[in-house]
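Structure at a glance
Residues per chain are reported as follows:
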Amino acid sequence: MTEDTMIAALLREREGYAGLGLDDRVAEVDEQLRLRGVQPPAAVRDVPAGPSTRTTPPKGRRVRGAEQA
């Protein structure tokens, strides 16, 4: 983890774009990281894409009954 807040913010932004498959945005963030002297992560898609494996709803949410759907 980095102590520089700008680098940390750019890395979080990059992770979000990579997760959404926005490769052009990832490249733009990589450019900003290089300008600040940081080597961006090697893989463009760092976050695995795919369906969620969650089988229960998050806490505080209700599940609709079959008769309400």
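First, a word on scope: everything that follows refers to the structure included in this document. (Residues numbered from 1 in each chain as written. Predicted model: local features only at pLDDT ≥ 70, side-chain atom pairs only at ≥ 80, totals over all residues. Heavy atoms only, no water.)

Structural notes on the side chain of Arg 14
Inspection of the secondary structure puts Arg 14 in helix 1 (residues 5-20). A polar atom in the side chain of Arg 14 sits 3.3 Å from the backbone oxygen of Pro 41. (Helix = DSSP H or I, 4+ residues; strand = E, 2+ residues; numbered from the N terminus. Polar contact = N/O pair within 3.5 Å; in protein donor to acceptor, adjacent residues only side chain to side chain.)

Observations concerning the side chain of Asp 30
Looking at the element boundaries, Asp 30 is found in helix 2 (residues 23-35). When its relative accessible area of 8% is taken as the criterion, Asp 30 is described as buried. What Asp 30 contacts, discounting residues up to four positions off in sequence, is Arg 14 and Pro 40. (Buried < 20%, exposed > 50% of the residue type's maximum accessible area, 1.4 Å probe, protein only. Contact = heavy atoms within 4.5 Å.)

Some details on helix 2
For helix 2, with 13 residues, the first-to-last C-alpha span of 18 Å sits near the 18 Å given by 1.5 Å per residue. Looking at helix 2, one finds that the buried residues are Val 26, Val 29, Asp 30 and Leu 33. The buried residues of helix 2 occupy one face: seen down the axis, they fall within an arc of 105°. Residues of helix 2 that are exposed and point more than 90 degrees away from the buried face comprise Asp 24 and Leu 35. One or two positions beyond helix 2, positive phi appears at Gly 37, with a value near 80°. (Expected span 1.5 Å × (residues − 1). Arc of directions from axis to C-beta.)

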